[in-house]
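# Fold and contact review
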Amino acid sequence: MMNTTPLSSATLDALQHHNPELALPGYDRSKLKAGIAHIGVGNFHRVHQAAYIDQCLHLPGHEEWAIVGIGLGDSEQAQAKAAAFAEQDGLYTVTETGADGSANARVIGAMIDYLHAPADPEAVLERLSDPAIRIVTLTITEGGYNINEASGEFRLSAPEVATELAGGTPRTAFAYIVESLRRRRANGVGGYTVVSCDNLRHNGDTARLAVLSYAQAVDEELADWIAAEVAFPNSMVDRIAPGIPAEQAEALNSASGVNDQMPALAEPYTQWVIEDRFSAGRPDLAAAGVELLDDVTQHEAIKGRMLNASHMMLAYPGLLLGYRTVPEAMADEELHTLLHNFMEHDAMPLLDVPEGLVLDDYKNSVLERFNNPAIADQLTRVAHDGAAKIPVFYTATVKAMLSRGFNCRRVAFLLACFRLYLNGLDARGNRYEVNEPRLSNADWSLVRNGPPSAILDISAFRGLKLTQHARMVTTYNSVWMAITRSGVRATLQSLVK
């Protein structure tokens, strides 16, 4: 790679000399201590929560609020990530790129340590048990909370959980959280705050349900202590952070002058709204631009049911039509109109709006952000784990639509496209990756051997109770027949006339 400098604490001065426009941490990292542990250090965390904390560390008296990252996966990619963070002293670059082509690169210094849990589970437990850790944040994906969508209960019978509860090595976030809190209680140390930063309805409540359910299976008195000592504030997080292919990583590094093994890319837009309920203190998040409220319900509903739901509405037909990135699909006028109509006619009429927010403006901002050509977010990334994501982003909207007699053709089109997407083949005969870890063998058998409408009754969708609504089943079958007869394109055209 030409004219780039390796990234580490020792090279920061050289980086500044090579590229004076590169923003560097304006604080002494040698004085930092970790007060926050983050589980799941993916692209989103690195451009969102860590970027906010990086801003906080520039404030006086915030030296004890740095981050220790924790990785749970043990794939080759996860091991490479751990090695890269060790070589780079936890440093990495974030390039913010606007639709107009403007780009600003910044080195984030908030993470001062990274622990690879499979390599040393005890080191993770010791760190989480340390009184210095006062907040534990999570980005473990929508499906990572192990909630049965039909019953609303934590799945204690899930293989990893069952193995842990039988005495096996911790592998899940909940095993590490519960065991570390057990040790803290035994040592007379108070609890910490658990902050979910995943795109879930009431994500703090969901995290609380998962942690307390796990704790009850271990020790009911411990569960009672956690319920009293640990806060689980709900939050709403928003920023688009695409995956970075090797070619794009090289281009980002060439532009910044930094040889970063894991550069991150983000849009300029960022938002974090969180309930101001912390059991062991917090940094001055408001000074970094975080909105602290008593209740985030309306904000999370708007974001989930408009932006995230629209992402899903775009991903499946977009892939089937042969597109591979979000801006490519958004350049298709009919897909653009589909999203506009979904938000305006299906989602917006059912939402409660917080004071000062104009839904029309929010809708337009979503469409504009998806159109950003610099953020070439992969449709496969958006589509990934749809069996977990679709219920999260559509349950409230679909239930309200059915109860109020709304036309459900756009939702039926989404579900039909999801069913067709599972084949992994687009209309041009090209294949794409399908990654659906939440579909069981029974679900796959139902999809492959049952009627087309069987998709409505896979285990992940049973909480929606779609098969109990004859109108929904009839609408779905009508849309499926249209796709079978005329194709995805012609069916889409009929929806946007």
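Here is a short report on the structure shown in this document. Note that the coordinates shown come from a computational prediction; the quantities given were computed from them, not determined experimentally. (Residues numbered from 1 in each chain as written. Predicted model: local features only at pLDDT ≥ 70, side-chain atom pairs only at ≥ 80, totals over all residues. Heavy atoms only, no water.)

Helices and strands together make up the secondary structure of the chain, namely 20 helices and 13 strands. Its C-alpha radius of gyration of 23 Å places the chain within 12% of the 23 Å reference for a compact globule of 497 residues. Across its three principal directions, the C-alpha atoms of the chain cover 65 × 55 × 45 Å. Taken over 497 residues, the chain has a buried fraction of 55%. (Helix = DSSP H or I, 4+ residues; strand = E, 2+ residues; numbered from the N terminus. Rg over C-alpha atoms; globule rule 2.2 N^0.38 Å. Buried < 20%, exposed > 50% of the residue type's maximum accessible area, 1.4 Å probe, protein only.)

Now for the packing of aromatic side chains. Evaluated as defined, the whole model comprises twelve aromatic pairs. A ring pair is formed by Phe 418 and Phe 461, whose centres lie 5.8 Å apart and whose planes are at 45 degrees; its orientation type is tilted. In this pair, Phe 418 sits in helix H17 (residues 409–421) while Phe 461 sits in the loop between helix H18 (441–449) and helix H19 (470–486), placing the two residues 43 residues apart along the sequence. We note that Phe 418, like Phe 461, is buried. In textbook terms, an aromatic cluster arises when at least three aromatic residues are bridged by ring pairs, as seen for Tyr 316, Phe 418, Tyr 421, Tyr 432 and Phe 461. (Phe/Tyr/Trp six-rings, centres within 6.5 Å; stacked < 30°, edge-to-face > 60°.)

Along the chain, the position of Arg 305 falls in helix H11 (residues 297–320). Separated by 3.0 Å, the side chains of Arg 305 and Thr 397 make a polar contact. Aside from chain neighbours lying at most four places away, what touches Arg 305 is Phe 342, Ala 347, Leu 350, Leu 351, Phe 393, Ala 396 and Thr 397. (Polar contact = N/O pair within 3.5 Å; in protein donor to acceptor, adjacent residues only side chain to side chain. Contact = heavy atoms within 4.5 Å.)

With that out of the way, let us pick up H18. Note on helix geometry: an α-helix contains 3.6 residues per turn, so any two residues three or four positions apart are oriented the same way. Listed in full, the buried residues belonging to H18 are Asp 443, Trp 444 and Val 447. Down the axis of H18, the buried set is contained in an arc of 95 degrees. They therefore lie on one face. Relative to its buried face, H18 has exposed residues pointing more than 90 degrees away, namely Asn 441, Ala 442 and Asn 449. Where the residues of H18 are buried, they touch H17. (Arc of directions from axis to C-beta.)

Bringing the side chain of His 116 into the picture now. Of note, His 116 is situated in strand E6 (residues 111–116). According to the relative accessible area criterion, His 116 is buried, its value standing at 13%. Polar side-chain contacts of His 116 include one of 2.7 Å to the backbone oxygen of Gly 73. Residues in contact with His 116, not counting those within four places in the same chain, are Gly 71, Gly 73, Asp 74, Ala 78, Gln 79 and Ala 82.

Attention now goes to the sheet that holds strand E9 (residues 235–238). The strand order across the open sheet formed by three strands is E9-E12-E13, and the pairing between neighbours is mixed. Looking at which strands have only one partner, the edges of the open sheet turn out to be E9 and strand E13 (291–293). Averaged over neighbouring strand pairs, the angle between their axes works out to 15 degrees when direction is ignored. Where strand E12 (residues 271–275) and E13 come together, three bridges link them in parallel fashion. Within the sheet, the bridge partner assigned to Val 273 lies in E13 and is Glu 291. (Pairing = 2+ DSSP bridges. Axes fitted to C-alpha atoms, helices over the stretch in contact; angles between N-to-C directions.)

Here we come to the pairing of E12. Across a regular strand the side chains alternate sides, sitting on one face of the sheet and then on the other. Extensive coverage of E12 is indicated by the burial of five of its five residues. With burial as the criterion, each face of E12 is covered, one bearing Gln 271, Val 273 and Glu 275 and the other bearing Trp 272 and Ile 274. Relative to E12, E9 is paired through four bridges, and the arrangement is antiparallel. Looking at E12, one finds that Asp 238 is bridged to Gln 271.

Take the packing of helix H7 (residues 173–186) against helix H8 (residues 203–218) next. Running from N to C, H7 and H8 point in directions that differ by 65 degrees, and their axes come no closer than 9 Å. Our pair here, H7 against H8, has a crossing hand that is right-handed. Where H7 approaches H8, its residues Phe 174, Ala 175, Ile 177 and Val 178 are matched on the opposing element by Ala 210, Val 211, Tyr 214, Ala 215 and Val 218. Taken together, the residues of the contact of H7 with H8 break down into nine nonpolar, no polar and no charged. (Left-handed = near helix turned anticlockwise from the far one by under 90°. Nonpolar A, V, L, I, M, F, W, Y, C, P; charged D, E, K, R; others polar.)

Counting buried positions along strand E3 (residues 66–71) yields six of six residues, so the element is predominantly enclosed. Here E3 shows two buried faces, one formed by Ala 66, Val 68 and Ile 70 and the other by Ile 67, Gly 69 and Gly 71. In this structure, strand E2 (residues 34–39) lies alongside E3, joined through five bridges in parallel fashion. The residue of E3 that forms the bridge with Ala 37 is Val 68. One ladder, built from five bridges, connects E3 with E6; its direction is parallel. Bridging from a neighbouring strand, Ile 67 pairs with Met 111 of E6.

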